[in-house]
Amino acid sequence: MIYALKKKNGDIGEYYFAYWVTKYFGWPCRLLDIDLGLDAQVEICNPKHNAIGKFIAVQIKSTQSNKKSVSLHLDNLKYWKAMEEPVIVARIINVTKVPEIYWKIVNTKSIDKLIKKAEKNKEKKTTLNFSDNDCLTKEHKEEFRLLPALKNIEILEAQSKKVKEKFEEWVLPFYDVQEKEYNMNTIGCDDDFIENFDSLCFDMDTVKNCEFFDEIIDNFYNRLIEYPKLVEVFEVYKNLAITYIGSLKHNSKLDVLQRWKEHPYHSDLAYIVNNN
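Bear in mind the structure is a predicted one, so any value in this text is a computation, not a measurement.

Draft legend 1. Fine view of the overall build of the protein. Scanning the protein from terminus to terminus reveals 10 helices and nine strands. For 276 residues, the compact-globule estimate of 2.2 N^0.38 gives 19 Å, and the protein exceeds it by more than 25% at 26 Å. Across its three principal axes, the protein shows a C-alpha extent of roughly 90 × 45 × 30 Å. Within the span of the protein, comprising 276 residues, buried residues form 43% of the whole. Of the contacts made within the protein by residues no fewer than 6 positions apart, 65% connect residues no fewer than 24 positions apart. Just so you have it, the protein exposes about 15900 Å², and 49% of that area is on carbon and sulfur atoms. If the 40 positive side-chain charges of the protein are averaged to one point and the 43 negative ones to another, these points end up 10 Å apart.

So this is what it looks like as structure tokens:
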């Protein structure tokens, strides 16, 4: 029985990757017996070395050469796209000498471009290229820890866009072109507007309940497009609601205000009623 060179290099790469992650990150790395597009699973631990139930799936591609690019098959790309866990491709060069590991997360929005390229290719494959900046180092540990959050950016953005578009058109009539601001000079608020604001408050809760929301906001806010726009819409609504509620207080519409302070209305609305 021949132990083929390709098989040997593949085994070396897998063992080396597991060794490297365990040594430098201090995390478990399980090599998978059955290869269905994945070779390993990294379990993320917190700074106190406790496993947090989050995983990174890994496809390992090894070579004796210093060639950094790898070929990816369409079937694998579609499989990875369907996965909830972050999937990285690890390219290990010079595997029998002084190995270097290069890596990229692949199942983010960019995977659609890879799938399209593979679909157009006769062999149903496409190429993933790595640069020197993709070389794995000990400094990447925190970035690895945040990969599940990075994967969820797209979910947060999709939810934010949906809510933003739902409420954006309702607030546009309040834009004063001459004053270049949102106010009640061109159109007056009414109780229906407050009902919409209440609904927006609950939708904002749904958006903020996106898994890893706090980690995304703290570490990847500069990558967000739709969520900051949603926040702007929310602030416009809130400021108009404050103005309108203030006018009701001035006109002693206390029965209406009392209703908005109670269940099932949102606590944000009750806070505005109580404090403005």
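Draft legend 2. A look at helix α6 (residues 191-208). For α6, which comprises 18 residues, the first-to-last C-alpha distance of 26 Å matches the rise-based estimate of 26 Å (1.5 Å per residue) to within 8%. For α6, the full list of buried residues reads Phe193, Ile194, Phe197, Asp198, Leu200, Cys201, Asp203, Met204 and Val207.

Draft legend 3. Quick peek at the side chain of Lys151. Assignment of secondary structure puts Lys151 in helix α5 (residues 147-171). The buried charged residue Lys151 lacks any salt bridge, with Glu154 as its nearest oppositely charged partner at 5.7 Å.

Draft legend 4. Just the nonpolar core, in detail. Counting 65 residues, the largest nonpolar core has Phe17, Val58, Ile88, Phe144 and Trp260 as its most contacted members. Here the element with the most residues in this core is helix α8 (residues 226-250); it accounts for 11 residues. Sequence-distant contacts of Trp260, defined by excluding residues within four places in its chain, comprise Asp191, Ile194, Glu195, Tyr244, Ile245, Leu248, Tyr265, Leu269, Ala270 and Val273. Core analysis: the second largest hydrophobic core is formed by 19 residues, Leu38, Tyr102, Leu114 and Phe130 among them.

Conventions we followed
- Residues numbered from 1 in each chain as written.
- Predicted model: local features only at pLDDT ≥ 70, side-chain atom pairs only at ≥ 80, totals over all residues.
- Heavy atoms only, no water.
- Helix = DSSP H or I, 4+ residues; strand = E, 2+ residues; numbered from the N terminus.
- Rg over C-alpha atoms; globule rule 2.2 N^0.38 Å.
- Buried < 20%, exposed > 50% of the residue type's maximum accessible area, 1.4 Å probe, protein only.
- Contact = heavy atoms within 4.5 Å.
- Areas by Shrake-Rupley, 256 points an atom, 1.4 Å probe, with all protein chains shown as cover.
- Lys, Arg positive; Asp, Glu negative; His and termini not counted.
- Charge placed at Lys NZ, Arg CZ, Asp CG, Glu CD.
- Expected span 1.5 Å × (residues − 1).
- Salt bridge = Lys/Arg side-chain N within 4 Å of Asp/Glu carboxyl O.
- Core = buried A, V, L, I, M, F, W, Y, C linked by side-chain atoms within 4.5 Å.

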